[in-house]
Amino acid sequence: VESLTVGELAKKLHREPSEIIKKLMGLGVMATINQELDKDTIELIGTDYGVEVEEEIVIDKTDIENYVDEDKEEDLKERPPVVTIMGHVDHGKTTLLDSIRHTKVTEGEAGGITQHIGAYQIDANGKKITFLDTPGHAAFTTMRARGAQVTDITILVVAADDGVMPQTKEAISHAKAAGVPIIVAVNKIDKEAANPDRVMQELTEFELVPEAWGGDTIFVNVSALDGTGIDELIEMIQLVAEVEELKANPNKLASGTVIEAELDKGRGAVATLLVQSGTLKVGDPIVVGATFGRVRAMVNDLGRRVKEVGPSTPVEITGLSDVPQAGDQFRAFADEKTARHIGEARMSKHREANLAKTSRVSLDDLFDQI
Ligand code: GTP
Ligand code: MG
């Protein structure tokens, strides 16, 4: 930022404006809350609050997370819900998703363990639903810790023969912390040992009470293996999505979140993005986390090349100069110059931040030795 008012600066520093005014007085500057401060003064005050604060201010103009999307009500269109499937290991998350997609993703997985986040879209009753399959909850935690909110609805998968387990509890607390509605899929009801009533009983402890028992949580008994209850589950997702009134403006430059990214030998940096707002097009200049580039090619979840994708759509892109991280935000820009400018600034900030981290660590080490 080139300039900020005293009030804006106070807000950025999470301080009371009066405190900033006092500091300014100490520097011989008499200021009111609406007074514009120049860059030097901002830096002086920033330094006073420590390096990290200074970084926060300097980073600001390239902080794509800080862009606010203000859409007019009439520009907002209905968008598909983004559904995350969570639950304890082996309770059937991937199999459930297979069943929903009528495909066989699990067979291709090494050792049957989900290695990365799969992102898929289906068409049901004329409407789309986007699904994210998670590898345990690490990725979800990382994303949440980085402020990325990608999920609209959580499907909590609980195996009817196993009941509530540690990661079931984790999933519940993640979904609650994110304020996301939970639909419980009681899975494996085809099994001899299945006891869906016990699952319901156990979940009441977490305030997930079925409608039949006077609560407001939707429970669906399913078998991911033989397909029982899958249609009902999809209907319930669409019901909840309708209540949530999920909307986005498709008619602008895209922004969203990185779901996963890796370095591919042949294709270079490959990132799976979830477009959350706007429409992403091949050729768009784009800033992704601390990297940037131009969208060279886009491939959808079915492995088909696409030219453009709208809100709530996962897509794999190439054309980035470096590999971003899961949970990074991305934003497309109208011209490459801006994207490059912001991208390069972010890259060097990122490097500096890493350097700063390293030097802090070594300082700590030094103190430890004393
Ligand atoms: P992770 O990704 O490792 O956390 O596991 P997951 O929750 O994705 O479980 P996955 O879908 O890999 O299923 C685990 C095992 O349970 C597999 O052997 C599935 O065939 C089996 N399974 C899943 N759903 C059902 C079901 O409805 N009935 C029965 N009988 N078995 C199921
Ligand atoms: Mg899995």
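Before any of the text, the structure's been laid out above.
Residues numbered from 1 in each chain as written. Chains lettered and ligands numbered in written order. Predicted model: local features only at pLDDT ≥ 70, side-chain atom pairs only at ≥ 80, totals over all residues. Heavy atoms only, no water.

## Regarding the environment of Asp-38
Condition: Working definition: helices are DSSP H or I runs of at least four residues, strands are E runs of at least two. Numbering for both runs from the N terminus. Polar contacts, as used here, are pairs of N or O atoms within 3.5 Å; protein pairs need one atom able to donate a hydrogen and one able to accept it. Residues neighboring in sequence count only if both atoms are side-chain atoms.
Within the element layout of this structure, Asp-38 appears in the loop between strand E2 (36–37) and helix H3 (39–48). Through-space distance from the C-alpha of Asp-38 to that of Arg-267 is 45 Å; in sequence the pair is 229 residues apart. At 2.5 Å, the side chain of Asp-38 and the side chain of Thr-41 are in polar contact.

## Focus: the site of ligand 1
Note the threshold: By convention in these notes, a residue is near a molecule or strand provided one of its non-hydrogen atoms lies within 4 Å of it. Surface exposure here means Shrake-Rupley accessible area, sampled with a 1.4 Å probe, where a residue is shielded only by the protein chains that are shown. Asp, Glu, Lys and Arg are counted as charged, while Ala, Val, Leu, Ile, Met, Phe, Trp, Tyr, Cys and Pro are counted as nonpolar; the rest, among them Gly, fall into the polar class.
In the neighbourhood of ligand 1, 18 residues make up the surrounding shell, with Lys-93, Thr-94, Thr-95, Asp-190 and Ala-224 lying closest. Contact between ligand 1 and Gly-92: an oxygen atom at 3.0 Å from a main-chain N or O atom of the residue. Backbone polar atom of Ala-224 to an oxygen atom of ligand 1: 2.9 Å apart, as the coordinates give it. Here ligand 1 loses 81% of its free accessible area of 650 Å² to cover by the protein chains. Looking at which element gives the most residues to the shell around ligand 1, the answer is helix H5 (residues 93–101), with 3 residues. Its residues placed into classes, the shell around ligand 1 shows 3 nonpolar, 10 polar and 5 charged.

## Let's talk about helix H10 (residues 230–244)
To be explicit about the condition: How far a helix is expected to stretch is found by multiplying one less than its residue total by 1.5 Å. Note on exposure labels: buried denotes an accessible area under 20% of the residue type's maximum, exposed denotes more than 50%, and partly exposed covers the range between, all computed with a 1.4 Å probe on protein chains only.
Taking 1.5 Å of rise per residue, 15 residues should cover 21 Å, and H10 covers 21 Å from first to last C-alpha, within 8% of that figure. All of the buried residues along H10 are Ile-230, Leu-233, Ile-234, Met-236, Ile-237, Gln-238, Val-240 and Ala-241.

## Side note on the environment of Thr-272
The cut-off we apply is this: By definition, residues are in contact when any of their heavy atoms lie within 4.5 Å.
Here Thr-272 lies in strand E12 (residues 268–277). Linking Thr-272 and Gly-118, residues 154 residues apart in sequence, is a C-alpha distance of 9.1 Å. Once residues within four sequence positions are removed from consideration, Thr-272 is found in contact with Ala-119, Thr-257, Val-258, Ile-259, Glu-260, Val-315 and Glu-316.

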